[in-house]
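# A look at the structure
In case you want the letters, here they are:
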Amino acid sequence: MGLGRIMSGSSLGLMCLLLTLAGYYISKQLYLRQQRIWFAPIIMAPTLILLTVVIFKIPLEDYFQFTHWLPALLAPATIAFAVPIYRERTLIKRYPLTISVGVLVGLCLGVGSSWMILHFTHMPAELSKSLIVRSVSTPFAIEATRAFGGIPELTAMLVLLTGIMGMLICEPLFKAARIQSSLAKGISLGASAHGAGAAKANQIGREEGVIASLTMIFTGIAMVITAPVFALLF
Amino acid sequence: MIFPLNAHRNLLKCKTTLFVQVVGLCLFAWICQWVAQSVHSIIPGSVIGLGLLLLLLSCRWVPEKVVNKGSAWLIGDLLLFFIPPVVAMTKYQLILESYGVELIVCMLLASTSVLLGTAFVVDKLFKFERQQRLNHIASQRIQIR
């Protein structure tokens, strides 16, 4: 089809911005009405937009002409995480040890498992290095991946995949391992599947959701701060 | 006719507040990033900004209502902001096609270990911390008596 040949650069760029916004908000509205996992925005929106770009062979430079300011909002979004931390300070003060140990264990297991993947498989270095930060939220992951020599774009995709996987595997795993406490469910979901895990935890229960979001934020901050140290291991 | 007009005005006011708050957070973020870059900080500007805003909120120099709407929107629509980088992965189509299966299997195993390992440790620790807290409360009651 080659839309790039038919339309001029800037009108195609504007179309791409509209496509991205529409794809995202339509899947969000759809999920509000039909709570099926395949309609979840984290699965449906990227799939729809990626398919359109691939099928119509839209050149990436045209796609980025106007959409490049969307990732610029990742930094203010990181700062915005201060508000939920402040709001839930009483919950944090109630279980300080559990939360901080949960964050540390999740972080170490995430980096440790990546170390195993890097050393025992034959994947190209750019791919396996982008994998290291996959279990933290995207704004933190994109910052931290530079320290390990990963590629931000690949990292963004792997973070997304990790979130989807965490959402899909958590319930059978919790059942099989007989995990019942809401704190354990929330913290493990937040530490392993970031935002998607927090959304899933919110469906399990309110307390699980809040705990998962807090863990996601703390794991992200911890990853960004410790990345230069962990990078020495790789 | 007064009510719908009022509702409309309220909605407009609501949207304006949201817009102003988001712009404010963006400006704050870009200042933090610029400062972090110019002093070659190891910690990225956005994380420094997070710490600063938390400090400002805790000291009550910035009331929560000044940032609550903007922060809720930025966090709620986080997915939208990283769709463009995900689309950019088409550049690496070849690698992903040849290592796709291996990648998915590795990621599934790794996610399972992180999820179960963390849940297991937290489950044990939670029971310990709750017991500690109960003991603490019990000892305080004895002192009061």
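This one's a predicted model, so the numbers in the text were calculated from it and none came from an experiment.

Rules used throughout
- Residues numbered from 1 in each chain as written.
- Chains lettered and ligands numbered in written order.
- Predicted model: local features only at pLDDT ≥ 70, side-chain atom pairs only at ≥ 80, totals over all residues.
- Heavy atoms only, no water.
- Contact = heavy atoms within 4.5 Å.
- Buried area = accessible area lost by both parts, 1.4 Å probe.
- Salt bridge = Lys/Arg side-chain N within 4 Å of Asp/Glu carboxyl O.
- Polar contact = N/O pair within 3.5 Å; in protein donor to acceptor, adjacent residues only side chain to side chain.
- Helix = DSSP H or I, 4+ residues; strand = E, 2+ residues; numbered from the N terminus.
- Domains from an automatic or database assignment.
- Phe/Tyr/Trp six-rings, centres within 6.5 Å; stacked < 30°, edge-to-face > 60°.
- Buried < 20%, exposed > 50% of the residue type's maximum accessible area, 1.4 Å probe, protein only.

### Examining the interface of chain B and chain A
Counting residues at the interface gives 70 residues for chain B, matched by 90 residues for chain A. For the pairing of chain B and chain A, the buried interface totals around 7,400 Å² over both sides, and the portion due to carbon and sulfur atoms is 82%. Applying the counting rule to chain B against chain A returns three salt bridges. Across the pair E153 of chain A and K91 of chain B runs a salt bridge whose closest N-O atoms are separated by 3.6 Å. Counting across the chain B and chain A interface gives five residue pairs in polar contact (both at pLDDT 80 or more). The set of elements that each furnish at least two residues to the side of chain B that touches chain A consists of α1 (2–38), α2 (45–58), α3 (68–76), α4 (78–81), α5 (83–87) and α6 (93–144) of chain B.

### Structural notes on the domain arrangement of chain B
For chain B, the assigned domains read domain 1 (1–81) and domain 2 (84–145). Computed from C-alpha coordinates alone, the two centres of domain 1 of chain B and domain 2 of chain B are separated by 28 Å.

### Here's the deal with the packing of aromatic side chains
Residue and element names in this part refer to chain A. Applying the stated rule across the entire model yields six aromatic pairs over all chains. Judged by centre distance (5.6 Å) and plane angle (85°), the rings of Y63 and F64 are edge-to-face. Plain terms: the ring middles of F81 and F140 are 5.8 Å apart, the flat faces sit at 20° to each other, and that makes the pair stacked. One end of the pair, F81, is in the loop between α5 (74–80) and α6 (82–87); the other, F140, is in helix α10 (residues 138–148), and 59 residues separate them in sequence. Residue classification places F81 among the buried positions, given a relative accessible area of 1%.

### Digging into the domain arrangement of chain A
All names here are of chain A. Examined at the domain level, chain A breaks down into domain 1 (3–69) and domain 2 (80–233). Distance from the C-alpha centre of domain 1 to the C-alpha centre of domain 2: 27 Å. When the two sides are added together, the surface that domain 1 and domain 2 hide from each other amounts to roughly 600 Å², 82% of it contributed by carbon and sulfur. Interface area lost by domain 1 to domain 2 is led by I37, I42 and I43, which between them contribute 67%. Summed over the shared surface of domain 1 and domain 2, the number is zero salt bridges. The interface formed by domain 1 and domain 2 includes one residue pair in polar contact (both at pLDDT 80 or more).

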